[in-house]
Amino acid sequence: MRLEQLQAFLAIAECGSFQKAAHKRSVTQSTISRQIQALEADLGFELFHRSSQSKLTLAGETLLPRARKICLEWQTVKQEITDLIAGKQPELCIASIPSVSAYYFPPLFQSFCNQYPDVQLRVTSLGSDRALKVLKDGLVDLAIVMNNRFLTTSKEMVVETLYEDKIEVLISVNHPLAKYECIPWSELIRYRQVIFKEGYGMQRLVQNQFDQAETLLKSALEVNTLDAFRGIVRQGELIALLPSSALVEARIDPTLAIRPFTINNDSSSQDISLTRQVVIVTTQDRLQIPPIQYFWHLVKEQIPQQVNGEK
């Protein structure tokens, strides 16, 4: 069964003759006849009484409402796809790590809303692993995450780096580590930490660093919001390793202090720092949709400038 066969069937039912249906469909009468014969062969029943008025048989009467519904659905989906390619989508869904959604998205939103006033923006703050999963499941249109090459290397994914982010130590202004201009790794590992919950790239990055150093990570508490990190660290005892871009508000908080730290590299006798890479991710097909493409370019152009302006 083919769509044009159903369309031919509907045309005959509406016009009352093969000849008029052929004219309406802009095809020859023999073409209409072949289409109906093929449809009848598939169904195993004749659909029309072959008379001057081409009346529907009982089988034809049964098929008629279904054929109308199928053809209407086809027209609807064609229009929806046409609208999608033209940028007429009802919403744009974004998943992002908390630091980006909190600090770097707001200036972009006005530009996007001016360009696409009829598209509703929906932004969800998620850990990197979860954000990439909902992108792969088709629940969001793009994601801004901490890069994980194991999750972003499939063929359909488009990945571009936005910025590199240095990891720093967030402490209370009265914490013993505040006396250091740059905290030695040997001192840092002595203190208990607040860490991100599982599923956040930062949790994995910090844990991997401790594993590589064959050092126990003294995890005291897991949270998933930047407000929670600041509130807990402010109490004075616990510390947190956080990316520089997540410390915008902490830098102006007189109760908090931020310090860099170094890790001794035994193989080269040099101190190294810990960094993360933040990327924007979508799929090849989504990047062809105008609103998604526009927001993609806004992010690429503006967020690196905002991050660099803070350094």
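Residues numbered from 1 in each chain as written. Predicted model: local features only at pLDDT ≥ 70, side-chain atom pairs only at ≥ 80, totals over all residues. Heavy atoms only, no water.

Asker: Teacher, can you tell me more about the packing of aromatic side chains here?
Answerer: Any pair of aromatic rings gets described here by the distance separating the centres and the angle formed by the planes. This model, assessed by the stated rule, comprises 14 aromatic pairs. With a centroid separation of 5.5 Å and 50° between ring planes, the pair formed by Phe9 and Phe48 is classed as tilted. Of this pair, Phe9 sits in helix α1 (residues 3–15) while Phe48 sits in the loop between α3 (29–43) and α4 (58–85), placing them 39 residues apart in sequence. When sorted by exposure, Phe9 lands in the same class as Phe48, which is buried. Ring geometry for Phe18 against Phe48: centres 5.8 Å apart, planes inclined by 70°, an arrangement best described as edge-to-face. With a gap of 30 residues between them, Phe18 in helix α2 (residues 18–25) and Phe48 in the loop between α3 and α4 connect regions that are remote in the sequence. (Phe/Tyr/Trp six-rings, centres within 6.5 Å; stacked < 30°, edge-to-face > 60°. Helix = DSSP H or I, 4+ residues; strand = E, 2+ residues; numbered from the N terminus. Buried < 20%, exposed > 50% of the residue type's maximum accessible area, 1.4 Å probe, protein only.)

Asker: I would appreciate a short explanation of the pairing of strand β7 (residues 219–223) in the present structure.
Answerer: Within a regular beta strand, the side chains point alternately toward one face of the sheet and then the other, so they alternate between its two faces. As paired elements, strand β6 (residues 193–196) and β7 share four bridges and run parallel to each other. By the bridge assignment for β7, Gln193 is matched with Ser219. In this view, the connection linking β6 to its parallel neighbour β7 by way of helix α9 (residues 201–212) has right-handed handedness. (Pairing = 2+ DSSP bridges. Right-handed = clockwise from strand over helix to strand, strands pointing away.)

Asker: Got a minute to help me understand the side chain of Arg286 in this structure?
Answerer: Within the secondary structure, Arg286 is located in the loop between β12 (275–283) and α11 (290–310). Looking at Arg286, the relative accessible area reads 15%, which means it is buried. Within the local environment of Arg286, its side chain forms a polar contact with the backbone oxygen of Val140, the two atoms lying 3.5 Å apart. (Polar contact = N/O pair within 3.5 Å; in protein donor to acceptor, adjacent residues only side chain to side chain.)

Asker: When you look at the packing of α1 against α3 in this model, what are you seeing that I'm missing?
Answerer: In a pair of packed helices, the angle between the axes and the distance between the axes together describe the arrangement. Where α1 contacts α3, the two axes come as close as 9 Å, and the packing angle between them is 110°. Put simply, α1 runs roughly perpendicular to α3. Note on element contacts: α3 touches α1 through Ile32, Gln35, Ile36, Ala38, Leu39 and Asp42, opposite Glu4, Gln5, Leu6, Ala8, Phe9 and Ile12. Of the residues belonging to the contact of α1 with α3, the class tally is eight nonpolar, two polar and two charged. (Axes fitted to C-alpha atoms, helices over the stretch in contact; angles between N-to-C directions. Parallel < 35°, antiparallel > 145°, perpendicular 65-115°, else oblique. Contact = heavy atoms within 4.5 Å. Nonpolar A, V, L, I, M, F, W, Y, C, P; charged D, E, K, R; others polar.)

Asker: Help me understand empty space enclosed by the protein in this model?
Answerer: Rolled over the atoms, a probe sized like a water molecule indicates the empty space that remains. Going through the model one piece at a time under the given rule, you end up with two cavities of 30 Å³ or more. Along its surface, the largest cavity is lined by 14 residues, and Ile97, Pro98, Phe196, Met202 and Arg276 are the ones closest to its centre. Taken together, the elements giving at least two residues each to the lining of the largest cavity come down to α5 (98–103) and α9. When its residues are assigned to classes, the lining of the largest cavity shows nine nonpolar, four polar and one charged. Elements supplying a minimum of two residues to the lining of the second largest cavity: β6 and α9. Split into classes, the residues belonging to the lining of the second largest cavity amount to six nonpolar, two polar and no charged. (1 Å grid on protein atoms, 1.4 Å probe; cavity = no way out; pocket = protein on both sides within 12 Å on 5 of 7 lines; lining within 4 Å. Points joined across faces, edges and corners; volume = space filled by probe spheres on them.)

Asker: I keep staring at α4 and nothing clicks. Help me out?
Answerer: Count 3.6 residues to each turn of an α-helix, and residues three or four apart come out pointing the same way. With 28 residues, α4 ought to run about 40 Å at 1.5 Å a step, and its terminal C-alpha atoms sit 42 Å apart, in line with that. Remark: the principal bend of α4, roughly 35°, maps to Leu64, with a proline, Pro65, within the next four residues. Along α4, the positions that sit buried rather than exposed are Gly60, Leu63, Leu64, Ala67 and Cys71. For α4, the secondary structure elements touched by its buried residues are α1 and α3. (Expected span 1.5 Å × (residues − 1). Bend = angle between axes of the 7 residues up to and from the residue.)

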